[in-house]
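Each chain, written out:
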Amino acid sequence: MLVTVISPAIFPGYFGDTIHYMQIIEQLRRKGIKVVLICPKYNSNKDFDKEMERKGVKVVRIPFKPPMLMNIKGNTSLITCGLRLLVFYFFEYLISLIFFLKRRIKSHVLVRYSIITLPISFVIRMLNIKAVADVPELPLGSYISNIPNIFRRIGWILDSKLLPWYSAYRVMSLETKQYLVKIGIGQDKIHLIPPCFNFHEIPVFELKNIPNATIGYFGILEWWQGLEVLLESFSNVVKRYPHAKLFIIGEGPLRSKLEQLATDLGILSKVFFIRAVPRTKLLNEYFRKFRIVVIPRLPKTPATSTPMKLLEALAAGKVVITTPFSGISKYLQRVCIIVKPNDSEMLTKAILNVIQNEHYQFEISKNARKCIMSLYNRDKIISKIINILKL
């Protein structure tokens, strides 16, 4: 069996989408399944491609770097990104068409459906290929900040026209499933499957060996992540605990604005801005530095699925404070502290309560690890993905 995986993620990379797909590819490979990865060409990917080849995974690169749509600001940027996107579409369509024709592929294709992979929908339609759409945030393009409403409407129209061309759908949240049903997809074709996640590779550092009043965030620095609210809350925490530290690990268009806000709040010396690091370094080095992980996503966030950072933090036994979103199950809510989005006062109180009660920290840390081990069995998850690929 040969599975073709098509993803717009950055390989190699540090974002959740990259990590998630690397987990899928690794588990497919462990099952003895041959995998071909089709993805965009980014800088410094030759060593990665060679390493994947050594592992038996063929990497096919689309020879053009797509625009970073989350960074759009103003009409000029929108036009520039639009032109770059059209060029990328041309190469993506051409490369995927040639690949499918050359390999005579008719099934076992997993596509990360997004605005970047739109041409793939036309290819599978034209060649009558049975493909599974891995559907994240919807409607199409909803994660782009400051995008005119007319484009969001166009995204909805494209979803309703293109998504029915797929044979099955993998979703990670009930909200996404409901959206698909709303645009006419049959419920029998929609499969709610959580992220493919290997908790065994997450190191666990006992909280007692980590200083108290230490907080961490890791991931993309984007408008919908609520990091400005986190900084405002942390400035209040510092008033009570002057030794408190906040680690913000990652890249994104909001970085300079966050640094300026930390300066304005007088907490820059307490906030450690660290550029994106390899996942192994994040888990083995930086997870030693903080007890609490805060995921303060804002309301109407475009990302509805359970973020990988949440699962990794729980698997590591961290105390997780997060805002509610549809991708978080009722079971995960039992081992997380849920606060209202965009409410710095409530977030401040939650952080202070955790810092003040170390016994509670140790208890919720133990329960979090148990919860992850019971819910995220990677063998069962990858088996479900394989089964829908065979439909």
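Data block above holds the structure.
Residues numbered from 1 in each chain as written. Predicted model: local features only at pLDDT ≥ 70, side-chain atom pairs only at ≥ 80, totals over all residues. Heavy atoms only, no water.

Chemist: Summarise a nonpolar patch on the surface; cite the residues concerned and give the values.
Modeler: A cluster of nonpolar side chains, I79, L83 and L86, forms an exposed patch at the surface whose accessible area comes to about 320 Å². Position of L86 among the secondary structure elements: in helix α3 (residues 74-103). Assessed through its relative accessible area of 54%, L86 is described here as exposed. (Patch = residues over 30% accessible without salt bridge, like charges linked within 9 Å, V, L, I, M, F, W, Y side chains within 5 Å. Areas by Shrake-Rupley, 256 points an atom, 1.4 Å probe, with all protein chains shown as cover. Salt bridge = Lys/Arg side-chain N within 4 Å of Asp/Glu carboxyl O. Helix = DSSP H or I, 4+ residues; strand = E, 2+ residues; numbered from the N terminus. Buried < 20%, exposed > 50% of the residue type's maximum accessible area, 1.4 Å probe, protein only.)

Chemist: Before we move on, can you summarise the environment of E26 with the specific residues and values?
Modeler: Take E26: it is sitting in helix α1 (residues 16-30). Of the residues examined, E26 reaches a relative accessible area of 26% and is grouped as partly exposed. Remark: the alpha-carbon pair of E26 and N342, spanning 316 residues in sequence, is separated by 37 Å.

Chemist: Lay out the packing of aromatic side chains with the relevant residues and their values.
Modeler: Per the counting criterion, the structure on display carries ten aromatic pairs. Between F64 and F91 the ring centres are 6.0 Å apart and the planes differ by 15°, which places this aromatic pair in the stacked class. You can see F64 sitting in the loop between β3 (57-62) and α3 and its partner F91 sitting in helix α3, a full 27 residues away along the chain. Note on F99 and F100: the rings are 5.6 Å apart at their centroids and 65° apart in plane angle, and the pair reads as edge-to-face. F100 shares its class with F99; the two are buried. Each member of the aromatic cluster is reached from another via a ring pair, and the members are F218, F247, F272, F287 and F290. Against the face of F290 rests K318, its NZ or CZ located 5.2 Å from the ring centre. (Phe/Tyr/Trp six-rings, centres within 6.5 Å; stacked < 30°, edge-to-face > 60°. Lys NZ or Arg CZ within 6 Å of the ring centre and 35° of its normal.)

Chemist: Which residues make up helix α10 (residues 308-315), and what values go with them?
Modeler: Buried residues dominate α10, accounting for eight of its eight residues. Two residues or fewer after α10 comes G317, characterised by a positive phi angle close to 80°.

Chemist: Tell me about the sheet that holds strand β13 (residues 336-338), and please be specific about residues and values.
Modeler: Strand pairs in the sheet, formed through backbone hydrogen bonds, run parallel or antiparallel to each other. Taken in spatial order, the six strands make up an open sheet running β10-β9-β8-β11-β12-β13, and their pairing is parallel. Of all the strands in the sheet, just β10 (271-274) and β13 have a single pairing partner and so form its edges. Averaged over all pairs of adjacent strands, the angle between their axes in this sheet comes to 20°, without regard to strand direction. (Pairing = 2+ DSSP bridges. Axes fitted to C-alpha atoms, helices over the stretch in contact; angles between N-to-C directions.)

Chemist: Before we move on, can you summarise the nonpolar core with the specific residues and values?
Modeler: Counting 97 residues, the largest nonpolar core has L28, F197, F234, V271, L314, I321 and I372 as the members making the most contacts within it. Counting residues per element, this core draws most heavily on helix α7 (residues 227-240), at seven residues. Here L28 is in contact with V3, V5, I33, V35, I382 and I386, once residues within four sequence places are set aside. Judged by nonpolar contacts, the second largest core, of 36 residues, contains L162, Y166, Y169 and L180. (Core = buried A, V, L, I, M, F, W, Y, C linked by side-chain atoms within 4.5 Å. Contact = heavy atoms within 4.5 Å.)

Chemist: Residue-level account of the state of the cysteines, with values.
Modeler: Note on terminology: disulfide describes a covalent bond linking the sulfur atoms of two cysteines. Taken as a whole and assessed by the stated rule, the structure comprises zero disulfides. In this model C371 remains outside any disulfide bridge; the closest cysteine sulfur is found in C336, 7.9 Å from its own. A residue is classified by how much of its surface remains accessible, and C371, at 11% relative accessible area, is buried. (Disulfide = S-S within 2.5 Å.)

Chemist: I'd like a rundown of the pattern of salt bridges, residues and numbers included.
Modeler: Counted according to the given criterion, the structure contains 15 salt bridges. E251 serves as the salt-bridge partner of R275, at 3.0 Å between the closest nitrogen and oxygen. One end of the pair, R275, is in the loop between β10 and α9 (279-284); the other, E251, is in the loop between β9 (245-249) and α8 (255-264), with 24 residues separating them in the sequence. Given the relative accessible area of 49%, R275 is considered partly exposed. Linked by salt bridges that have partners in common, E201, R279 and E312 make up one network.

Everything listed here is a matter of geometry and, on its own, says nothing about what the molecule does.
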